[in-house]
Amino acid sequence: PPAHSRNDWIGPPDKHSNLRPVIFYVPPEESPLERRLREARQESQACNQRFWARHNRAFSQEKEEFIYSRLKAKGLEMRDETGQKATLTAEEMADFYKDFLSKNFRKHVQYNR
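What counts, and where the lines are drawn
- Residues numbered from 1 in each chain as written.
- Predicted model: local features only at pLDDT ≥ 70, side-chain atom pairs only at ≥ 80, totals over all residues.
- Heavy atoms only, no water.
- UniProt positions renumbered as here; feature names shortened; annotations may be inferred.
- Axes fitted to C-alpha atoms, helices over the stretch in contact; angles between N-to-C directions.
- Helix = DSSP H or I, 4+ residues; strand = E, 2+ residues; numbered from the N terminus.
- Parallel < 35°, antiparallel > 145°, perpendicular 65-115°, else oblique.
- Left-handed = near helix turned anticlockwise from the far one by under 90°.
- Contact = heavy atoms within 4.5 Å.
- Nonpolar A, V, L, I, M, F, W, Y, C, P; charged D, E, K, R; others polar.
- Phe/Tyr/Trp six-rings, centres within 6.5 Å; stacked < 30°, edge-to-face > 60°.
- Buried < 20%, exposed > 50% of the residue type's maximum accessible area, 1.4 Å probe, protein only.

Per an unreviewed UniProt entry, the chain is named APOP1 protein, and its organism is Todus mexicanus. What the UniProt record of the chain gives under Subcellular location (unreviewed entry) is the line "Mitochondrion inner membrane". The Sequence similarities (unreviewed entry) comment attached to the chain in UniProt states, word for word, "Belongs to the COA8 family."

Draft legend 1. Structural view of the packing of helix α1 (residues 32-73) against helix α3 (residues 105-112). The interhelical angle for the contact between α1 and α3, taken along N-to-C directions, is 170°, at an axis separation of 12 Å. Classified by the interaxial angle, the pair formed by α1 and α3 is roughly antiparallel. Crossing of α1 over α3 shows left-handed handedness. Of the residues in α3, those in contact with Asn48, Phe51, Trp52 and His55 of α1 are Lys107, His108 and Tyr111. Of the residues that constitute the contact of α1 with α3, the class distribution is three nonpolar, three polar and one charged.

Draft legend 2. Structural view of the packing of aromatic side chains. In this structure the tally under the stated criterion is nine aromatic pairs. Relative to Phe100, the ring of Phe59 lies with its centre 5.1 Å away and its plane at 85°, an arrangement referred to as edge-to-face. Pair noted here: Phe59 is in helix α1 and Phe100 is in helix α2 (residues 90-103), with a separation of 41 residues, a long-range link. Overall, the relative accessible area of 23% leaves Phe59 in the partly exposed class. Members of the aromatic cluster, joined through ring pairs, are Phe59, Phe66, Phe96, Tyr97 and Phe100.

Draft legend 3. Region of interest: unusual backbone geometry. One non-glycine residue, Asn18, lies in positive phi territory at about 70°. Considering the arrangement of structural elements, one finds Asn18 in the loop between β1 (9-10) and β2 (22-23).

Below is the structure:
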């Protein structure tokens, strides 16, 4: 942000976490209480960034593995003859989403605490 800015700056979504990073404004005469609040917000942002980046990586990896295993069980490849990526039905993907959410339920509860 420009040196004269007096606001927090919010960036575009991170490609791993999908969270928008914040560059926090630091007032020239920031009080100790203001500093503690800003640092707590920065720590919270970093924690959220780590959690969602790990979560989204695991989700993508497990989703690809699920699709691959289902296609393989059907005797299909990841791409068809024309080079198009093979897909599963919404019902088949619902099995994955339900299973993924169930497996990660405790992580989400802990995150929300």
